[in-house]
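# Tertiary structure, described
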Amino acid sequence: MSEKDNYQSAACDGDCSSCGSTCGFGESDATVTLTLDDDTTIECAVLTIYPAGGKEYIALLPLDENGENHDGEVYLYRFVQGSNQEPMLENIEDDEEYEIASDAFDELLDKAEFDELVDEDKAN
């Protein structure tokens, strides 16, 4: 599996002007290209990088040739910084670790939905 050049550390707040990075993650169109074992590639939107269980994970939304996703499937990978600070994705092989990463992602979705409802109430 290989990655494209748009990533963010969980410590990043998404405000690219504050860190001086050119990673592009603060932009809404941040993507990575995954190369699968059979050498096919999939372009994915980066949804978030988040901590869980003392590690960092990345949630990716696979996109079709039109840049859309119709089934809502999300890929979760372990996110690590390499020796030269290059971002790397690792498969989550352990069921227990996957459950921790998945539960944390679900909590992020629930919080985002709650925050959206609160914002709607404040607007009304």
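Bear in mind that the values here come from a model prediction, so they are computed numbers and not experimental data.

## A few points about the environment of leucine 47
Topologically, leucine 47 is positioned in strand E2 (residues 41-52). Look at leucine 47 and you get partly exposed, because its relative accessible area is 40%. As for leucine 47 and valine 74, which are separated by 27 residues in sequence, their C-alpha atoms are 8.9 Å apart. Here leucine 47 is in contact with Ala59, Leu60, Leu61, Val74 and Phe105, once residues within four sequence places are set aside.

## Some remarks on the packing of aromatic side chains
Within the structure shown, the criterion is met by 2 aromatic pairs. With 6.0 Å between their ring centres and 35° between their planes, tyrosine 50 and tyrosine 57 make a pair best called tilted. Pair check on accessibility: tyrosine 50 and tyrosine 57 agree, each one buried. Where tyrosine 50 meets phenylalanine 105, the ring centres are 6.0 Å apart and the plane angle is 35°; that geometry is what we call tilted. Residue tyrosine 50 is found in strand E2, and its partner phenylalanine 105 is found in helix H2 (residues 95-123); the two are separated by 55 residues along the sequence. By relative accessible area, which is 9% here, phenylalanine 105 ends up buried. Members of the aromatic cluster, each reached through a chain of ring pairs, are Tyr50, Tyr57 and Phe105.

## Some words on the nonpolar core
Counting 13 residues, the largest nonpolar core has Leu34, Cys44, Ile58, Leu60, Tyr75, Tyr77 and Leu89 as its most contacted members. The set of elements that each furnish at least two residues to this core consists of strand E1 (31-35), E2, strand E3 (55-62) and strand E4 (75-81). With 4 residues, E2 is the single largest residue contributor to this core. Counting 9 residues, the second largest nonpolar core, distinct from the first, contains Tyr50, Tyr57, Ile92 and Ala101.

## Focus: the confidence of the model for the protein chain
Residues of the protein chain with pLDDT of at least 70 account for 74%, and the chain-wide mean is 78. Here helix H1 (residues 16-19) is the element of the protein chain with the lowest mean pLDDT, 45, and E3 is the one with the highest, 95. Across residues 1-27, where pLDDT falls below 50, the model places 53 contacts with residues more than four positions away in sequence or in other chains.

Rules of the game
Residues numbered from 1 in each chain as written. Predicted model: local features only at pLDDT ≥ 70, side-chain atom pairs only at ≥ 80, totals over all residues. Heavy atoms only, no water. Helix = DSSP H or I, 4+ residues; strand = E, 2+ residues; numbered from the N terminus. Buried < 20%, exposed > 50% of the residue type's maximum accessible area, 1.4 Å probe, protein only. Contact = heavy atoms within 4.5 Å. Phe/Tyr/Trp six-rings, centres within 6.5 Å; stacked < 30°, edge-to-face > 60°. Core = buried A, V, L, I, M, F, W, Y, C linked by side-chain atoms within 4.5 Å. pLDDT = per-residue confidence, 0-100.

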